[in-house]
Amino acid sequence: MTPDLLRLTDVTIEFGSPKKPIRVVEGVSFSIGRGESVGLVGESGSGKSVTSLAIMRLIGGRVVQGRIEFEGRNLLDLPASALPEIRGRDIAMIFQEPMSSLNPLMTVGDQIGEALLLHGWRDRTKRRERTIEMLRLVGIPNAEGRLGAYPHQFSGGMRQRVMIAMAVACEPKLLIADEPTTALDVTIQAQVLDLMKTVRRELGMAILLISHDLGVIADVCERVVVMYAGRVVEEADIRTILTRPQHPYTRGLLRSVPRRGHEAERLYQIPGSVPPAGSIRQGCPFRDRCELAVSRCAEEMPPMFRFGPSQSAACWVTAAAEGVTQAGAAA
Amino acid sequence: MTRYIVVRLLDAIPTVLLVLTLVFIAMRILPGDPAVAALGDFATPEQREAFREKMGLNAPLWQQYLTFVVNSLTLDFGASMMNGRDVLGLIAYNLPYTIELTIASVLLGVLIGVPFGVWAATNPNRAPDSAMRGFSLIGYAVPDFYLGALLLIVFSLNLGWFPINGGGEGFLDRMHHVFLPALTLAFIKAAFLGRLTRTALLEVLGRDYIRTARAKGAREPRVIYRHGLRNALLPLTTGLGLTTLTALSGSVAIELVFNRPGLGKLLISAIAERDYAVIQGGIVVFALFVVAINLAMDLAYVLVDPRIRVS
C-alpha cells in the first residue's frame, strides 16, 4: 500500500486561555491517500472547519495533542517560517465565502500571479501565461481580458472559480475545500462541484471537501469522515455510508437529506442540537439526541469499531447488534 | 472615473459659494464700525462717511455681496485698511509658510504615526499596543501651544539646536525653521493616525482575504503590508484629510508660539487690528484651502480603491 499523503492521528485542538481551555476537536484521526477525495461532513460546530484549518496551521487555537503528517512529515513540528513554503504549493485551500475571500484592491490576475510568484515563478511572462491557463481551466470566459479585472466585477460563482484557479495554480498535492459551494446558488453549486472534479482529474491532486451536505460530498468524494461534536464518529467509503451507515448520527444525517419522490413527507430532523464545545466530559457526545442510546453511552465514549474493511464507527449499540467487537479505525 | 472627478469638482462649487456667503454674513454682523476701526476715534463724521463711500459700504447689501463674491473669485481682496498694502500680496507672502508647515507636519505625523500603528496592530494587547494607547492619550490630551512652547524652551532656548523665531531664508534654513513647529503639530497627528492605523489594520487583518493570502503561502510582512495596510489605506485616507485640515487650524496657534510668518499669524493680527479686508481675504483663502483638501481626498480615494475607479 502506498503511504498516505496526509494522516491525522489523535488530533486535539483547544481554544481559549490555557487555564480554561475549550476543547473543540478531540482525538480526530483519519487519512487521505494520494489523489484520493475525502469528504468531511458534520453539522455547524462539529469541528470540521477547525480541523481543516489546523492542517494549514491557520487557526487561532492550539493543537495540544496528536500529529498531522503530510508525506510523513509532522506539520505541527515545523517552525512557522517553514509554513509559507507548504501553503499554496503542497496544500492549498479554498473557503466558503468567495465574496470576501479575494483582496478587493488587487486584480484577479495579480492575485493568481502572486500565488505563483510565492512559489518560484519568477518569470513575469510565464506567470502571465500560467494565470491565463488557470483562468481557462476554471472556465472563466475571455480569460486574457479578465486578468486586469477586480473581484467586485465578478459574480459569486465566478469568484469561487478564481479562488480555485488561485489554489490549484501551483498544482498542490492536496486541495482543502471548506464549504466551497455553501454560499452559492444551487445551479452554480453544481457547476463549481463539476469544476472541482475536472480540476482534480486534470491535475491529479487529492481533495479534502468539507461540507454539512452529504449530497455535495457524495457527488465529489470516494470516502467520507463523519464528525460530531469535535470527534470522528464514522468513516467509510461513500457507497457504504449511503447504503449501510452504522452510526445513529450518520443515519440521522442521511434521513434529513431531501429525496425526490418524497417531497410531500415532512423532512426528518435530528432532535436537539450539537452540544456546546467542551461541554461533553464523559460518554458519547451524541447520546442525548440518539434514539438507540443505552446506559453505557453515558458512561464511556465508544471506540471506533471496525464494521468492515473500509468502515468503522463509534457506537456501542450498533457494534453490539452487528456482533462487532474489534476496535480500530478502518484501513 | 472621469465622471466621478467631474462630479466632485462640480460639488465643490456650491461649497465655495456657501463659504463665501458665510464669510460675508460674519463680517457684516461683527460688532464695531470698520470706519471707526480704520480711522480711529478722532475722525470727523465727514471723514467716516467718505471712508464708507470709498469702501463701498453704503451700497445696498446685495450689491456688496455680489461685488464681494466676484472679487473673491478673482482673488481681488482689496488693500489692507491699516497700511494700504495689497491683501493678495500679504497672503501670497504668508501662505507658503503655512503650506510648508502643514506639509511638514502631515509628513512627520504619517512617518511617526503609521509605523507605530502597524506595530501596535501586529501585537494586539501586548506591550507595543499599550505603548500606542499611552502615546495617543498624551497626544490627544496635550494642547499644541503648550507642547510647542515646551519644545521651544528645550530645543531652541536651552540646547540651541533650532532657531527661536522666524520663517528662514532658503530651502535648508526654512526646513530648519519649520522642524520644531511641524514636530509639535505632528505629535498630535501621529497620535491620531497611529490610533487610526491600529484600528483599521486590526480590522483588515481579520478579514477573509488575509487568510487567503496566508493560505497561498504569503509571509507575514507581505500579508501585513501588501494585503493588510493597502486595504487599511481606505479609512486612513479619510483620516489623513481630516488631520491635514486640523494642521491648518493648528497652524494659527503654532505660528504665534514660534513667531513665524503664516496665514494664521496674519489672520490673528488682522483680527486684533480689525483689518476687515485682510480678515476677509485670509478666511476666504483658508476656506478655499479646506475645499481643495477635501477635493484632493476624494481624488485620493480613486487612486486607492478600484471599486470607485472601475464602475
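Residues numbered from 1 in each chain as written. Chains lettered and ligands numbered in written order. Predicted model: local features only at pLDDT ≥ 70, side-chain atom pairs only at ≥ 80, totals over all residues. Heavy atoms only, no water.

### A short note on the overall build of chain A
Helix and strand counts for chain A come out as twelve helices and twelve strands. Taken over C-alpha atoms, the radius of gyration comes to 21 Å for chain A, in line with the 20 Å a tight globule of 331 residues would show. In terms of principal-axis extent, the alpha carbons of chain A reach across some 65 × 50 × 40 Å. The proportion of buried residues among the 331 residues of chain A is 53%. Across chain A, contacts joining residues at least 24 apart in sequence account for 61% of those joining residues at least 6 apart. Of the roughly 14800 Å² that chain A leaves accessible, carbon and sulfur atoms contribute 49%. Here chain A holds 40 positive side-chain charges and 37 negative ones, and the gap between their average locations is 2 Å. (Helix = DSSP H or I, 4+ residues; strand = E, 2+ residues; numbered from the N terminus. Rg over C-alpha atoms; globule rule 2.2 N^0.38 Å. Buried < 20%, exposed > 50% of the residue type's maximum accessible area, 1.4 Å probe, protein only. Contact = heavy atoms within 4.5 Å. Areas by Shrake-Rupley, 256 points an atom, 1.4 Å probe, with all protein chains shown as cover. Lys, Arg positive; Asp, Glu negative; His and termini not counted. Charge placed at Lys NZ, Arg CZ, Asp CG, Glu CD.)

### Regarding the overall build of chain B
Scanning chain B for helices and strands turns up 13 helices and zero strands. Mapped in sequence order, the helices and strands of chain B form the string α-α-α-α-α-α-α-α-α-α-α-α-α. For the C-alpha atoms alone, the extent of chain B along its principal axes is close to 85 × 55 × 35 Å. In chain B, the share of contacts with a sequence separation of at least 24, taken over all contacts with a separation of at least 6, comes to 72%.

### Re the domain arrangement of chain B
Residue and element names in this part refer to chain B. Looking at chain B, the domain boundaries give domain 1 (2–73) and domain 2 (94–309). Across the contact, 19 residues belong to domain 1 and 15 residues belong to domain 2. When the buried surface of domain 1 facing domain 2 is broken down by residue, Y4, R8 and M27 rank first, second and third, together holding 34% of it. Counting the contacts that link domain 1 with domain 2 gives one salt bridge. As a salt-bridge pair, D298 and R8 come within 3.7 Å of each other at their nearest N and O atoms. At the junction of domain 1 and domain 2, the tally comes to two residue pairs in polar contact (both at pLDDT 80 or more). Among the elements that line the side of domain 1 that touches domain 2, the one with the most residues is helix α1 (residues 2–29), at twelve residues. Classifying every residue of the side of domain 1 that touches domain 2 by side-chain character gives 14 nonpolar, three polar and two charged. (Domains from an automatic or database assignment. Buried area = accessible area lost by both parts, 1.4 Å probe. Salt bridge = Lys/Arg side-chain N within 4 Å of Asp/Glu carboxyl O. Polar contact = N/O pair within 3.5 Å; in protein donor to acceptor, adjacent residues only side chain to side chain. Nonpolar A, V, L, I, M, F, W, Y, C, P; charged D, E, K, R; others polar.)

### What about the pairing of strand β11 (residues 305–308) of chain A?
Residue and element names in this part refer to chain A. Sheet topology note: the β11/strand β12 (residues 311–313) ladder contains three bridges and is antiparallel. Counted as the bridge partner of F305 is A313 from β12. Counting the residues that bridge the hairpin from β11 to β12 gives two residues. (Pairing = 2+ DSSP bridges.)

### As for the confidence of the model for chain B
Taken as a whole, chain B shows an average pLDDT of 87; of its residues, 100% reach a score of 70 or greater. Looking over chain B, one finds the lowest element-wise mean pLDDT in helix α2 (residues 34–39) of chain B, namely 74, and the highest in helix α9 (residues 208–215) of chain B, namely 93. (pLDDT = per-residue confidence, 0-100.)

### Here's the deal with a nonpolar patch on the surface
Judged by side-chain polarity, B:I153, B:V154, B:L157, B:L159, B:W161 and B:I164 come together as a nonpolar surface patch covering roughly 570 Å² of accessible area. As for its position among the elements, B:L159 is in the loop between α7 (144–158) and α8 (171–205). (Patch = residues over 30% accessible without salt bridge, like charges linked within 9 Å, V, L, I, M, F, W, Y side chains within 5 Å.)

### Focus: the pairing of strand β2 (residues 22–32) of chain A
Note that strand β1 (residues 6–15) of chain A and β2(A) share seven bridges and pair antiparallel. Directly across from A:V11, in β2(A), lies its bridge partner A:V28.

### Comments concerning unusual backbone geometry
Residue and element names in this part refer to chain A. Positioned with a positive phi, E179 is a non-glycine residue whose angle comes to about 45°. Its place among the elements puts E179 in the loop between β7 (174–178) and α7 (186–203). For E179, a relative accessible area of 6% puts it in the buried group. Positioned with a positive phi, A229 is a non-glycine residue whose angle comes to about 50°.

### Some thoughts on the side chain of A:H247
Along the chain, the position of A:H247 falls in the loop between α9 (238–243) and α10 (248–255). Looking at A:H247, its side chain comes within polar contact range of the main-chain nitrogen of A:Y249, at 3.0 Å.

### Regarding the sheet that holds β7(A)
Residue and element names in this part refer to chain A. Here eight strands make up an open sheet; going across it, the order is β6-β7-β8-β3-β9-β10-β12-β11 and the pairing mixed. Two strands in the sheet have a free side with no partner beyond their single neighbour: β6 (91–94) and β11. The mean inter-strand angle of the sheet, taken between neighbouring strand axes irrespective of direction, is 20°. In terms of strand pairing, β7 meets strand β8 (residues 206–211) through five bridges, oriented parallel. Pairing of L175 across the sheet is with I207, part of β8. (Axes fitted to C-alpha atoms, helices over the stretch in contact; angles between N-to-C directions.)

### Description of helix α4 (residues 124–137) of chain A
Residue and element names in this part refer to chain A. Look at α4: 20 Å from first C-alpha to last across 14 residues, which is about the 20 Å you get at 1.5 Å a residue. Where α4 is concerned, the buried positions are R127, R130, T131, I132, M134 and L135. Taken together, the buried residues of α4 touch α3 (108–118), α5 (143–146) and α6 (156–168). Here α4 starts with a cap whose side-chain oxygen sits 2.9 Å from the backbone nitrogen of T125, and that cap is D123. Once α4 ends, the next one or two residues include G139, with phi positive near 75°. (Expected span 1.5 Å × (residues − 1).)

### As for the state of the cysteines
A complete count under the given rule lists zero disulfides over all chains for this structure. With no disulfide of its own, A:C297 lies closest to A:C284 among cysteine sulfurs, the gap being 5.9 Å. (Disulfide = S-S within 2.5 Å.)

### Observations concerning the interface of chain A and chain B
Contact residues are listed per partner, giving 30 residues for chain A and 21 residues for chain B. When the two sides are added together, the surface that chain A and chain B hide from each other amounts to roughly 2300 Å², 57% of it contributed by carbon and sulfur. On inspection of chain A and its partner chain B, the count reaches three salt bridges. Linking A:E114 and B:K216 is a salt bridge whose minimum nitrogen-to-oxygen distance equals 2.9 Å. For the pair chain A and chain B, the interface holds 14 residue pairs in polar contact (both at pLDDT 80 or more). Listed by contribution, the elements that provide at least two residues to the side of chain A that touches chain B are α2 (83–86), β6, α3 and α6 of chain A. Ranked by the residues each element gives to the side of chain A that touches chain B, the list is headed by α3(A), at five residues. Counted by class, the side of chain A that touches chain B contains 17 nonpolar, nine polar and four charged residues.

### Side note on helix α11 (residues 263–272) of chain B
Residue and element names in this part refer to chain B. For α11, the complete set of buried residues consists of L263, G264, L266, L267 and A270. For α11, the arc enclosing every buried residue in end-on projection is 160°, short of the 170-degree limit, so these residues lie on one face. Where α11 is buried, its residues touch α5 (87–121), α10 (220–257) and α12 (276–304). Among the residues trailing α11, R274 stands out with phi positive, at a value near 50°. (Arc of directions from axis to C-beta.)

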